[in-house]
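Reading the structure
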Amino acid sequence: MPISYCRHKQTDSQWGKTVSSNEQDKLLFTPGPLTTSRSVKEAMLHDVGSRDSVFIEKVRSVRTDLLRLAGVSQESGYESILLQGAGTYGLEAVVSCAIPKTGHLLLVINGAYGHRLKKIADIHQIRTTGLVYQENETPQAEDVKSVLDKDGSITHVSIVHCETTTGMFNDIEAVGRVVAGFQKEYIVDAMSSFGAVPIDFAACHIDYLVSSSNKCIEGVPGFSFIIARRSCLLKTKGQSRTLSLDIFDQWEGLEQNGQFRFTPPTHTISAFHQAVAELLEEGGVTGRARRYKENYALLVQGMRTLGFREYLEAPKQGYIISSFLYPADPKFDFDDFYNRLNGQGFVIYPGKLSHADCFRIGNIGKIYPQDIGNLLKAIESVIEKMNITL
Ligand SMILES: *Cc1c(COP(=O)(O)O)cnc(C)c1O
């Protein structure tokens, strides 16, 4: 039986009091942090020293598993780097290390996370060109080709895989082929997709992929990780614009003695180690994709039946998170809607669109079709109580 169905209280025998249980926690239908399994949370009930051999072994095992989940290996020329901080820290680390002073970054942008990469580059005074689309538009590989054709000074290209702003999946493979054809380095923000959406590293020609502990792998927040092509990583030595986000030094430290350069997120790593084991048990990336797709299909079908409409046209929509348009009824007040659902134990997410009023519902985390069914029932009752016409 899936773990989220077992909402028992558990008593910690040593302390004689109730520890946090899934029963009391609200379900998170958000882009992260997400609902995690009890066993992932329990993995954190230990204090370990950063030089403890058990911890170092966990770090080693997690780094190898990440390469395995990506379908690559050290033998095939890839390295994995764990870095303290949220996902954005990993993105900033890659942008501020991989791109030299003379570099020029082409940013493919169709949402808030694409814009965030530009903000990072700007802060580090990196030259940029933006290929900017509307949030409901799909970036086209031919457009990337024509920009690269015209401007030979571009050295790097960045793109977001699942643009969490809308939930759109961008075609990182078509763009990657173009980028590789021009022999540019390719940076992919796969924060909200890695672990649940198959990614063919070779076909996509990815040089740097960034994701984090608390998205589709279903760990808790605390670190980001980078999967890098070694030949690119080696060129970044001494190139970092910061000390703490230096991916080359971080990688070298992890390789040399298995340790982080600065205080490691020990508990988060223990939780992640357990989360990876549970991901593999679920059937790896394809197994997790299956559950999320099921969640998504049920959600969209149920929301349509209630009368809601999605922001994106269905073929553009990925199965990670969906944006729904506010109902036209002027009585609809998002904060009220949100608070009422929250009161029933269901946490949804506000929209992040620049030109449409939407809210978002995520399908990721330790949530199952039955949880989606319960969410839909709660939405139906809230809409009724708010007297909203759909
Ligand atoms: C969540 C997310 C981020 C940012 O991650 P943080 O952990 O909040 O820093 C970046 N890009 C995408 C696509 C995301 O979904």
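Residues numbered from 1 in each chain as written. Predicted model: local features only at pLDDT ≥ 70, side-chain atom pairs only at ≥ 80, totals over all residues. Heavy atoms only, no water.

Let's shift gears to the overall build of the protein chain. Looking only at helices and strands, the protein chain has 13 helices and 16 strands in total. The C-alpha radius of gyration of the protein chain comes to 21 Å, within 12% of the 21 Å expected for a compact globule of 390 residues. For the protein chain, the residues scored as buried account for 55% of the 390 residues in total. Long-range pairs, those at least 24 residues apart, make up 70% of the contacts in the protein chain between residues at least 6 apart in sequence. (Helix = DSSP H or I, 4+ residues; strand = E, 2+ residues; numbered from the N terminus. Rg over C-alpha atoms; globule rule 2.2 N^0.38 Å. Buried < 20%, exposed > 50% of the residue type's maximum accessible area, 1.4 Å probe, protein only. Contact = heavy atoms within 4.5 Å.)

A few words on the pairing of strand 6 (residues 127-132). With 6 bridges joining them, strand 5 (residues 104-109) and strand 6 adopt parallel strand pairing. Bridging from a neighbouring strand, leucine 106 pairs with threonine 129 of strand 6. A crossover links strand 5 with its parallel partner strand 6, the connecting element being helix 4 (residues 112-123), and its sense is right-handed. (Pairing = 2+ DSSP bridges. Right-handed = clockwise from strand over helix to strand, strands pointing away.)

Moving on, we get to the site of the ligand. Not every one of the 13 residues close to the ligand is listed here, only the nearest: Gly87, Thr88, Thr164, Asp189 and Lys215. Contact between the ligand and glycine 87: an oxygen atom at 2.8 Å from a main-chain N or O atom of the residue. About the coverage of the ligand: the protein hides 87% of its 380 Å² of free accessible area. Among the elements that take part in the shell around the ligand, helix 3 (residues 87-98) stands out by supplying 3 residues, more than any other. Residue composition of the shell around the ligand, by class: 6 nonpolar, 4 polar and 3 charged. (Near = heavy atom within 4 Å. Polar contact = N/O pair within 3.5 Å; in protein donor to acceptor, adjacent residues only side chain to side chain. Areas by Shrake-Rupley, 256 points an atom, 1.4 Å probe, with all protein chains shown as cover. Nonpolar A, V, L, I, M, F, W, Y, C, P; charged D, E, K, R; others polar.)

Attention now moves to the pattern of salt bridges. Applying the stated criterion across every chain, the model contains 20 salt bridges. Between aspartate 65 and arginine 68 there is a salt bridge, with the nearest N and O atoms lying 3.4 Å from each other. Linking aspartate 65 with arginine 68, this pair stays in helix 2 (residues 53-70), spanning 3 residues, or about one helical turn. Owing to a relative accessible area of 14%, aspartate 65 belongs among the buried residues under this scheme. Residue arginine 68 is classed as exposed on the basis of its relative accessible area of 56%. One salt bridge in this structure joins lysine 316 and glutamate 313, with 3.8 Å as the shortest N-O distance. Linked by salt bridges that have partners in common, Glu218, Glu282, Arg288, Arg291 and Lys366 make up one network. (Salt bridge = Lys/Arg side-chain N within 4 Å of Asp/Glu carboxyl O.)

Okay, empty space enclosed by the protein next. Once rolled over the atoms, a probe with the size of a water molecule shows which space is left empty. Per the stated rule, a full pass over the model turns up 1 cavity of 30 Å³ or more. Considering only enclosed or pocket space, the largest cavity measures out at about 30 Å³ in volume. In terms of lining, the largest cavity is formed by Thr36, Ser37, Val40, Ile217, Glu218, Ala275, Glu278, Arg288 and Lys366. Looking at the lining of the largest cavity residue by residue, the classes come out as 3 nonpolar, 2 polar and 4 charged. Mapped onto the domain boundaries, the lining of the largest cavity takes at least three residues apiece from domain 1 (10-41 + 285-386) and domain 2 (53-280). (1 Å grid on protein atoms, 1.4 Å probe; cavity = no way out; pocket = protein on both sides within 12 Å on 5 of 7 lines; lining within 4 Å. Points joined across faces, edges and corners; volume = space filled by probe spheres on them. Domains from an automatic or database assignment.)

Given 3.6 residues per helical turn, the α-helix brings residues three or four places apart onto the same face. Every buried residue of helix 6 (residues 172-181) is listed here: Ile172, Ala174, Val175, Gly176, Val178 and Val179. Packed against the buried residues of helix 6 are helix 5 (141-150), strand 7 (156-160), strand 10 (185-189) and helix 7 (201-204).

Okay, the side chain of lysine 215 next. Looking at the element boundaries, lysine 215 is found in the loop between strand 11 (208-212) and strand 12 (223-229). Although lysine 215 lies buried, it forms no salt bridge, and the closest oppositely charged side chain, aspartate 189, sits 7.2 Å away as judged by the N-O distance. Contacts of lysine 215, omitting those with residues within four sequence positions, involve Pro31, Leu34, Met191 and Ser192. (Lys, Arg positive; Asp, Glu negative; His and termini not counted.)

For strand 13 (residues 321-325), the tally of buried residues reaches 4 of 5 residues, placing the bulk of the element in the interior. With 5 bridges joining them, strand 13 and strand 16 (residues 358-362) adopt antiparallel strand pairing. Residue pairing across strands places serine 323 opposite arginine 360, the latter belonging to strand 16.

A word on the packing of aromatic side chains. In this structure the tally under the stated criterion is 18 aromatic pairs. Measuring from centroid to centroid gives 5.3 Å for phenylalanine 169 and tyrosine 319, while their planes differ by 75 degrees, and the two rings are edge-to-face. Of this pair, phenylalanine 169 sits in strand 9 (residues 168-169) while tyrosine 319 sits in the loop between helix 11 (284-306) and strand 13, and the two are 150 residues apart along the sequence. On the basis of relative accessibility, which here comes to 9%, the residue tyrosine 319 falls in the buried class. (Phe/Tyr/Trp six-rings, centres within 6.5 Å; stacked < 30°, edge-to-face > 60°.)

To continue, consider the sheet that holds strand 10. Sheet architecture is open: 7 strands sit in the order 4-12-11-10-7-5-6, paired in mixed fashion. The open sheet has two edge strands, strand 4 (78-84) and strand 6, and neither has a second partner. Looking at each pair of strands side by side, their axes are set apart by 20 degrees on average, direction ignored. In the packing of helix 2 onto the sheet, the strands contacted are strand 4 and strand 12, and the crossing angle to strand 4 comes to about 125 degrees. Those strands touched by helix 9 (residues 247-257) are strand 4, strand 11 and strand 12, and its axis lies near 105 degrees from that of strand 4. (Axes fitted to C-alpha atoms, helices over the stretch in contact; angles between N-to-C directions.)

Spatial relationships are all this shows, so hold off on functional conclusions.
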